[in-house]
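Remarks on the overall topology
Here is what each chain is made of, one letter per residue.
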Amino acid sequence: MEIVQDINTVGDEADTDEMKGKYLTFWTDNQLFGVPIADVVQIIGIQEITPVPDSPLYAKGVINLRGSIIPVIDVRLRFKKAEEKYNERTCIIVTKIDESYIGFIVDSVDEVTTISDEDISSPPKVSNDHTNAYLTGIGKVENKVVLLLDTSKILDESEFELVKDAVTGLNK
Amino acid sequence: MKIKKSVFFADIFIALLAVVCSIFSVILFQQFHSPVIPVILLIVPFAGALLVSMVASKLIIKPLTQMIESASKMSQGDLSVTFNHDSKSEIGELGQTLTDTVTVLKKYISDISSVLHTMANGDLTAEIDLDYEGDFQEIKIALEGIISMLNTNVSALSNSSTQVSGGSEQVSNAAQALAQGATQQASSIQELSATITEISAQVKQNARNASEANSSSAVAQDKMQDVSEEMSRMLLAMSEISEMSTKISNIIKTIDDIASQTNILALNAAVEAARAGAAGKGFAVVADEVRNLASKSAEAARNTTDLIENSIQAVENGKKIADVTAKTLEEVIAATSKSTQLIDSIAQASNQQATSIAQVNLGVEQISAVVQTNSATAEESAASSEEMSKHAKTLKSLVKQFTLKETA
């Protein structure tokens with residue numbers, strides 16, 4: 001709990017300059033994604049997930065992170081990719097969205113990298129791909145292509161509420 | 001007749017003489033009273049009687065004596081005697097009768113002699129033409145009987161001897177054929193014996209080969225056992241390598257785990273450093289270095305894992321090859337065992353063959369002995385029949401000496 005609070009304070013202060021352009025990149029279904037550092041609270045290795053009944057498929061359940069109950073979303077399933085078995089490289093990226101914590105289960109984390117605006121291009125408009133809604137842009141790191149995501153847009157409003165309620169119920 | 005008459009007259013004369021003399025003697029006696037003349041006169045009849053008897057004896061006894069002599073000679077087989085038959089007296093008659101008798105006897109005897117001579121010369125066609133009278137008929141009948149019987153028997157003998165001759169020839173031929181056959185048998189048996197000896201030698205060779213093959217395959221089996229043991233040891237070593245590789249693999253996994261966790265930690269550190277902004281720059285560098293180290297660890301672990309995997313793969317391949325080899329070896333052992341069994345049965349069969357051949361040999365020897373006996377018997381038989389043939393020929397030639405009566 002303490003670590004989380006500390007991070008919050010630090011995050012608010014340095015939000016403007018230093019963290020801009022810094023992304024945490026991760027692999028899901030052989031695609032490299034990136035989320036802004038500002039959203040990232042912690043990266044942890046995969047651990048035991050407690051499933052929550054009546055949840056959507058991608059909402060795998062909740063985890064216990066130092067006393068806090070955090071819901072976790074399977075990014076593969078969320079992006080309608082084939083489900084893969086979790087291995088030792090699977091990580092949960094714990095993010096903070098509007099005062100709520102959500103964990104995203106990814107195949108593996110890559111690195112923390114700076115991507116300048118020149119290396120970012122706007123996303124192509126392809127209507128069927130679900131990834132598009134949350135794509136903020138296409139980044140270039142060395143010769144790799146990174147799909148930059150808006151963390152808060154991975155889940156839309158209703159889904160977010162759903163997940164939050166479920167957790168709240170559990171937290172009580 | 002004459003003698004009777006003579007005797008009668010003599011008797012009368014003497015009687016008269018006696019009477020006369022008696023009368024004279026009486027007269028004289030009465031006259032002369034001398035006894036001398038009466039005596040002399042009495043003697044006269046006696047003298048006369050004496051004279052008569054002397055004459056009689058001469059007339060009777062001499063011829064009789066002659067006849068007795070002749071008859072005696074005759075009884076001793078001299079038929080050439082004659083009997084005095086010139087006088088007309090009874091003695092003369094006797095002499096004549098005896099002479100007749102002798103003649104008759106001579107006739108019969110001569111006839112019989114001639115017939116018998118003829119028969120003695122082998123001519124059985126002899127016949128007695130003469131009429132034999134009275135008791136002599138018996139001889140004729142008997143002789144004719146002999147002739148007929150001889151004819152019959154000799155003829156039968158002739159037939160028999162012909163048959164015997166023919167029969168003995170057949171026997172001779174048969175015996176010769178038998179002897180030939182026996183000789184052929186003997187030579188066949190020789191060939192058979194030779195063949196059996198060959199077979200026996202081959203069987204012995206078989207048995208020896210089988211025994212050699214057996215010992216060879218036993219050696220091979222031993223070698224294969226050794227190979228099998230070596231293989232087991234190799235498999236053991238390989239499995240140890242596998243175990244070691246697995247252990248190393250686990251350790252590598254642990255290292256990898258640590259590396260990845262370190263990585264995450266470093267990332268978290270980088271996140272914090274990013275948040276810290278300027279203050280976190282140094283920390284960011286440290287975090288970066290840590291990440292580098294973690295990634296190097298991970299890479300080293302990966303390389304090692306690759307090597308380990310190769311090693312495990314190599315061991316797996318080796319194991320597969322060893323398995324295949326083991327299987328092949330088992331098959332070879334099974335085949336060898338089978339072939340050993342077969343060879344054993346061959347050896348056994350060869351032994352039985354050898355025994356059987358020995359028995360066959362024995363049998364052949366027995367046959368050979370029998371054949372030899374047969375051969376000897378056949379030869380004896382041939383010799384016997386030769387002799388018999390000779391005897392039959394002799395018989396035939398003897399029989400030929402007889403001339404037989406034609407049978408109607």
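Residues numbered from 1 in each chain as written. Chains lettered and ligands numbered in written order. Predicted model: local features only at pLDDT ≥ 70, side-chain atom pairs only at ≥ 80, totals over all residues. Heavy atoms only, no water.

In this section: the overall build of chain A. Scanning chain A from N- to C-terminus turns up three helices and 11 strands. A total of 172 residues make up chain A; the buried ones form 47% of that total. Taking contacts inside chain A between residues at least 6 apart in sequence as the whole, the part at least 24 apart equals 54%. Accessible surface for chain A amounts to roughly 9300 Å². Of this, 49% is attributable to carbon and sulfur atoms. (Helix = DSSP H or I, 4+ residues; strand = E, 2+ residues; numbered from the N terminus. Buried < 20%, exposed > 50% of the residue type's maximum accessible area, 1.4 Å probe, protein only. Contact = heavy atoms within 4.5 Å. Areas by Shrake-Rupley, 256 points an atom, 1.4 Å probe, with all protein chains shown as cover.)

This part is about the overall build of chain B. Of regular secondary structure, chain B possesses five helices and zero strands. Secondary structure of chain B in N-to-C order comes out as α-α-α-α-α. Looking at chain B as a whole, 25% of its 408 residues qualify as buried. Sequence separation of 24 or more characterises 73% of the internal contacts of chain B that already satisfy a separation of 6 or more. For chain B, the computed accessible surface area is about 27000 Å², with 61% contributed by carbon and sulfur atoms.

Now for the sheet that holds strand E1 (residues 22-28) of chain A. Hydrogen bonds along the backbone pair up the strands of a sheet, which may run parallel or antiparallel. With respect to topology, six strands assemble into an open sheet ordered E8-E1-E2-E11-E10-E9 (chain A), the strand pairing being mixed. The sheet is open, and its two borders are formed by strand E8 (108-114) and strand E9 (120-121) of chain A, each paired with just one other strand. Strand contacts of helix H4 (residues 136-276) of chain B: E1 and E8 of chain A, with the helix running at about 30° to E8 of chain A, the strand carrying the most contacts. (Pairing = 2+ DSSP bridges. Axes fitted to C-alpha atoms, helices over the stretch in contact; angles between N-to-C directions.)

Let us look at the confidence of the model for chain A. Across chain A, the average pLDDT comes to 79, with 80% of residues at 70 or higher. Scored below 50 in pLDDT, residues 1-16 of chain A shows 16 contacts in the model against residues more than four places distant or in partner chains. (pLDDT = per-residue confidence, 0-100.)

Residues and elements named next belong to chain A. Taken across its seven residues, strand E7 (residues 100-106) has six buried, putting it largely inside the fold. Pairing between strand E5 (residues 68-74) and E7: three bridges, direction parallel. Bridging across to E7, Asp-74 finds its partner in Ile-105. Of the pairings in the sheet, the one linking strand E6 (residues 91-97) to E7 comprises seven bridges and is antiparallel in character. Of the residues in E7, the one forming a bridge with Ile-93 is Phe-104. Where E6 hands over to E7, the hairpin turn is made up of two residues, of which Asp-98 adopts a positive phi near 50°.

The next subject is the packing of helix H3 (residues 90-120) of chain B against H4 of chain B. All names here are of chain B. Axis separation between H3 and H4 bottoms out at 12 Å; the angle between their running directions is 5°. Taken as axis vectors, H3 and H4 run roughly parallel relative to one another. Each of Leu-105, Tyr-108, Ile-112, Val-115, Leu-116 and Met-119 in H3 lies in contact with H4, whose residues at this interface are Phe-136, Ile-139, Leu-143, Ile-146, Ile-147 and Leu-150. (Parallel < 35°, antiparallel > 145°, perpendicular 65-115°, else oblique.)

Every contact between the two is made by 23 residues of chain A and, on the other side, 16 residues of chain B. There are one salt bridge connecting chain A and chain B. Among the ionic pairs, Glu-111 of chain A bridges to Arg-291 of chain B, the shortest N-O distance being 3.8 Å. On inspection of chain A and its partner chain B, the count reaches two residue pairs in polar contact (both at pLDDT 80 or more). Elements with a contribution of two residues or more to the side of chain A that touches chain B: helix H1 (2-13), E1, strand E3 (40-45) and E8 of chain A. The biggest single contributor to the side of chain A that touches chain B is E3 of chain A, with six residues. (Salt bridge = Lys/Arg side-chain N within 4 Å of Asp/Glu carboxyl O. Polar contact = N/O pair within 3.5 Å; in protein donor to acceptor, adjacent residues only side chain to side chain.)

This part takes up the sheet that holds E6 of chain A. All names here are of chain A. The strand order E3-E6-E7-E5-E4 describes an open sheet built from five strands, whose pairing is mixed. Edge positions in the sheet fall to E3 and strand E4 (59-65), since each has one partner strand and no second. For this sheet the average axis-to-axis angle between neighbouring strands, irrespective of direction, equals 30°.

Mapped onto the elements, Asp-110 of chain A comes out in strand E8. Residue classification places Asp-110 of chain A among the buried residues on the basis of a relative accessible area of 16%. As a C-alpha pair, Asp-110 of chain A and Phe-26 of chain A span 84 residues in sequence and 4.8 Å in three-dimensional space. Setting aside chain neighbours within four positions, we find Asp-110 of chain A in contact with Thr-25, Phe-26, Trp-27, Leu-32 and Lys-144 of chain A together with Leu-267 and Arg-291 of chain B.

This prediction gives chain B a mean pLDDT of 84; 98% of its residues lie at or above 70. Across the predicted assembly, pTM comes out at 0.45 and ipTM at 0.77.

Time to look at the pattern of salt bridges. Residue and element names in this part refer to chain A. One pass over the full model with this rule turns up 10 salt bridges over all chains. Between Lys-96 and Glu-99 there is a salt bridge whose closest N-O contact spans 3.4 Å. Notably, a salt bridge pairs Lys-144 with Asp-110, separated by 3.3 Å at the nearest N-O pair. Within this pair, whereas Lys-144 is found in strand E11 (residues 144-149), its partner Asp-110 is found in strand E8, the two being separated by 34 residues in sequence. A cluster of three or more residues bridged by salt bridges with shared partners is formed by Asp-29, Arg-76 and Asp-107.

So, on to H4 of chain B. Helix length check: H4 of chain B, at 141 residues, gives a terminal C-alpha distance of 196 Å against a target of 210 Å (1.5 Å per residue), a fit within 8%. Trailing H4 of chain B by a residue or two, Gly-277 of chain B shows a phi angle of about 70°, which is positive. (Expected span 1.5 Å × (residues − 1).)

With that settled, the discussion passes to the pairing of E1 of chain A. All names here are of chain A. Within E1, five of the seven residues are buried, which leaves it mostly tucked inside the rest of the structure. As paired elements, E1 and E8 share five bridges and run antiparallel to each other. The partner of Tyr-23 across the bridge, within E8, is Thr-113. Bridge analysis of E1 against strand E2 (residues 31-36) gives six bridges, and the strand direction is antiparallel. Bridging from a neighbouring strand, Trp-27 pairs with Leu-32 of E2.

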